[in-house]
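Structural overview for review
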Amino acid sequence: MSDTLEIPAGERGVIRVFDLDMRPEQAQFLREPGALAQVLGIEAINLDHVEIFPISDLEELGLTGYLTQGCGIPEEEITPKRDRLAALEGHVLLLRSRAFDGAATRLTPASQIHHIASFGEKPINWSAPPQATPESSRLYTGPKLSPRAARHAARRIGAALFAVVMTAIVVTLFVLVF
């Protein structure tokens, strides 16, 4: 067994990189439901937030490029582990925090799974300065019609719709008869 990893409850934005020291067929099998959870020593895992792939699929981008450009990990966070990441061959496993559905988890990976590093995704800054609302877009600031003017406008619209519908009926009857 490898080292035990503790994942705290409610953890967000962390990606853990593991080296899979196994044959390609075994690595592919880990995508089956329950297989990965078993080799990690846990009950269940959300496979929607797990990636298992051969490093060769990344071609010239490489694992460090994938982590920075594809996963949003800051370059300065990867720099201390760059040599170790570049030395990896075969298949890798990327586990996002969401794979554990917010539950506190203790990973006890099998001997073929080696934890390489854990990285935090760059958090998104959702804050923004308050926007000034123009007077014209505020509720109930438009000109109010008097009740008499509102009834008159409604009657005009109703009369126009009635005229359009009746004209369409007359034209349809005219076409059908002649």
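Residues numbered from 1 in each chain as written. Predicted model: local features only at pLDDT ≥ 70, side-chain atom pairs only at ≥ 80, totals over all residues. Heavy atoms only, no water.

**Points about the overall build of the chain**
Quick note on the threshold: Strands are runs of DSSP state E lasting at least 2 residues, helices are runs of H or I lasting at least 4, and numbering of each runs from the N terminus. Radius of gyration here uses only the C-alpha atoms, and the compact-globule reference equals 2.2 Å multiplied by the residue count raised to the power 0.38. With a 1.4 Å probe rolled over the protein chains alone, any residue whose accessible area is under 20% of its type maximum counts as buried; one over 50% counts as exposed, and the rest are partly exposed. Whether two residues are in contact is decided by their heavy atoms, any of which lying within 4.5 Å being enough. Only the protein chains shown count as cover for residues, with accessible areas throughout obtained via the Shrake-Rupley method and a probe of 1.4 Å. Charged-residue counts in this description rest on Lys and Arg as positive and Asp and Glu as negative, His and the chain ends being excluded. Lysine's charge is taken at NZ, arginine's at CZ, aspartate's at CG and glutamate's at CD.
Assigned secondary structure in the chain consists of six helices and six strands. For the chain, the succession of helices and strands along the chain, N to C, is β-β-α-α-β-α-α-α-β-β-β-α. In summary, the chain has a C-alpha radius of gyration of 31 Å against a globular reference of 16 Å for 178 residues, an excess of more than 25%. Overall, the C-alpha framework of the chain stretches about 85 × 55 × 35 Å when taken along its three principal axes. With 178 residues in all, the chain has 33% of them scored as buried. In the chain, the proportion of contacts linking residues at least 24 apart, taken out of those at least 6 apart, comes to 80%. Accessible surface, the chain as shown: approximately 12400 Å² in total, 58% of it carbon and sulfur. For the chain, the distance from the average site of its 17 positive side-chain charges to the average site of its 21 negative ones is 22 Å.

**Quick word on helix H3 (residues 62-70)**
Counting buried positions along H3 gives seven out of nine residues, so the element sits mostly inside the fold. By the burial criterion, the buried members of H3 are Gly 62, Leu 63, Thr 64, Gly 65, Tyr 66, Leu 67 and Thr 68. Its buried side turned inward, H3 meets strand E2 (14-20), strand E3 (50-54), helix H4 (75-78), helix H5 (82-86), strand E4 (91-96) and strand E6 (113-120). Count one or two residues on from H3 and you reach Gly 72, which has phi positive near 80°.

**Let's talk about the pattern of salt bridges**
Spelled out, the test is: By convention in these notes, a salt bridge is any Lys or Arg side-chain nitrogen within 4 Å of a carboxyl oxygen on Asp or Glu.
All chains considered together, the criterion is met by five salt bridges. Linking Arg 106 and Glu 6 is a salt bridge whose minimum nitrogen-to-oxygen distance equals 2.4 Å. On the criterion of sequence distance, the pair formed by Arg 106 in strand E5 (residues 105-107) and Glu 6 in strand E1 (residues 5-7) is long-range, its members being 100 residues apart. Among the residues examined, Glu 6 registers a relative accessible area of 47% and is labelled partly exposed. For the salt bridge of Glu 75 with Arg 82, the shortest nitrogen-to-oxygen distance reads 1.9 Å. Classification of Glu 75 by relative accessible area gives partly exposed; the value is 39%.

**Topic: the environment of Asp 57**
Assignment of secondary structure puts Asp 57 in the loop between E3 and H3. For Asp 57, a relative accessible area of 54% translates into the label exposed. When the C-alpha atoms of Asp 57 and His 91 are compared, they prove to be 9.6 Å apart, with 34 residues separating the residues in sequence.

**Considering the packing of aromatic side chains**
Filter applied, for reference: In summary, the pairing rule links any two rings of Phe, Tyr or Trp, Trp by its six-membered ring, whose centres are within 6.5 Å, and it sorts them by plane angle into stacked for under 30 degrees, edge-to-face for over 60 and tilted for everything else.
Under the counting rule described, the total for this entry stands at two aromatic pairs. Ring geometry for Phe 53 versus Tyr 66: centroids 5.5 Å apart, planes at 70°, classification edge-to-face. Taken together, the positions of Phe 53 in strand E3 and Tyr 66 in helix H3 put the pair 13 residues apart, joining distant regions of the chain. Ring geometry for Phe 174 against Phe 178: centres 4.9 Å apart, planes inclined by 50°, an arrangement best described as tilted. Summarising the burial analysis for this pair, Phe 174 and Phe 178 share the class exposed.

**Some words on the confidence of the model for the chain**
What counts here: As a per-residue quantity, pLDDT reports the predictor's confidence and falls between 0 and 100.
Confidence in the prediction of the chain, expressed as mean pLDDT, is 89, and 97% of residues score 70 or more. Taken element by element, the chain is modelled with least confidence in E1, mean pLDDT 89, and with most confidence in helix H6 (residues 147-177), mean pLDDT 95.

**So, unusual backbone geometry**
Most of the time, phi is negative for any residue but glycine, and the peptide bond is trans. Located in the positive-phi region is Glu 59, a residue other than glycine, with phi close to 45°. Looking at the secondary structure, you find Glu 59 in the loop between E3 and H3. Of note in the backbone geometry, Asp 101 takes a positive phi value of approximately 55° without being a glycine. Here Asp 101 is to be found in the loop between E4 and E5. Residue class for Asp 101 comes out exposed when judged on its relative accessible area of 58%.

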